[in-house]
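Coordinates in review
Here is what each chain is made of, one letter per residue.
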Amino acid sequence: MWNLNEVRKIEYIRDYVYRITFDDGLSGEIDFRTYLSRGPVFEPLRDLSFFQKATIEGGTIAWLNGADIAPETLYEKIEIANTPLPRTA
C-alpha cells in the first residue's frame, strides 16, 4: 500500500523555485523550470507573475489554470535531493 504524502506548505523562493513542505515534515526546494516546456497546460507558468500565484489544491502545488504536479513526484524529487552522496576515499 502506498503512503501518499500531501503538500502542506509552499513558499516561493526565487525564479521558478518553490520550497515544498509535506505533511510528514520532508521539505526541500524544487526548480520547476523543467516543467515549462511539458505541454500547453504549463505554458502560462512561463510568466513569472503567474507562476508565483501557486496554491495548494488536492494535496499538491497547483496553479489557477489547472496545472499541477503529482505530490508523489515532488516527494521523490525532494527525497533524492536530500539524500547524502556517498563518500569517496
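Everything in this summary refers to the structure shown in the same document. Every residue gets a number counted from 1 within its own chain, in the order that chain's sequence is written. Only residues with pLDDT of 70 or above have their local features reported here, since the model is predicted, and side-chain atom pairs are shown and tallied only from 80 upward, although totals for entire chains, interfaces and linings are computed over all residues. No hydrogens and no water enter the side-chain calculation; it runs on all heavy atoms of the structure.

1. A short note on the nonpolar core
The following threshold applies: In these notes, a set of buried Ala, Val, Leu, Ile, Met, Phe, Trp, Tyr and Cys residues joined through side-chain atoms within 4.5 Å is what counts as a nonpolar core. Exposure categories follow from relative accessible area, calculated using a 1.4 Å probe and restricted to protein chains: below 20% of the type maximum is buried, above 50% is exposed, and the middle band is partly exposed. Starting at the N terminus, helices and strands are each numbered in turn, a helix being any DSSP run of H or I of at least four residues and a strand any DSSP run of E of at least two.
Counting residues in hydrophobic clusters, the biggest one holds 23 residues, and the most contacted among them are Y18, I20, F32, I61 and W63. At the level of secondary structure, the elements contributing two or more residues to this core comprise β1 (7–14), β2 (17–22), α1 (48–51) and α2 (71–82).

2. Structural notes on the sheet that holds β2
Heads up, the rule is: What makes two strands pair is DSSP finding at least two bridges between them. Working convention: axes come from line fits to C-alpha atoms, limited for helices to the stretch in contact. Angles between N-to-C directions cover 0 to 180 degrees. Contacts between residues were defined by any pair of non-hydrogen atoms, one from each residue, lying within 4.5 Å.
Pairing in this open sheet of three strands is antiparallel, and the strands run β1-β2-β3 from one edge to the other. Two strands bound the open sheet, and with one partner strand each, they are β1 and β3 (27–31). Strand-to-strand twist of the sheet, defined as the mean angle between neighbouring strand axes without regard to direction, takes the value 25 degrees. Summarising the sheet, β2 and β3 pair through five bridges and their orientation is antiparallel. In the strand pairing of β3, T21 is matched with S27. Sitting on the sheet, α2 touches β1, β2 and β3, and the angle it makes with β3 is about 105 degrees.

3. Examining the pairing of β2
Bridge count between β1 and β2: six bridges; the pairing is antiparallel. Bridging across to β2, I10 finds its partner in I20. In this antiparallel pair of consecutive strands, β1 and β2, the connection spans two residues, and D15 shows a positive phi of 40 degrees. Counted along the chain from β2 to the antiparallel partner β3, the turn is four residues long, and its residue G25 has a positive phi close to 95 degrees.

4. Examining the pattern of salt bridges
Note that side chains of opposite charge can pair when their charged atoms are close. As a reminder of what qualifies: Salt bridges are defined by distance alone: a side-chain nitrogen of Lys or Arg within 4 Å of a carboxyl oxygen of Asp or Glu.
Under the defined criterion, the tally for this structure stands at four salt bridges. Taking the shortest distance from any N to any O, the salt bridge between R14 and E29 comes out at 3.6 Å. Of this pair, R14 sits in strand β1 while E29 sits in strand β3; the two residues are 15 residues apart in sequence, bridging distant segments of the chain. Within this structure, R14, R19 and E29 form a network of salt bridges that share partners.

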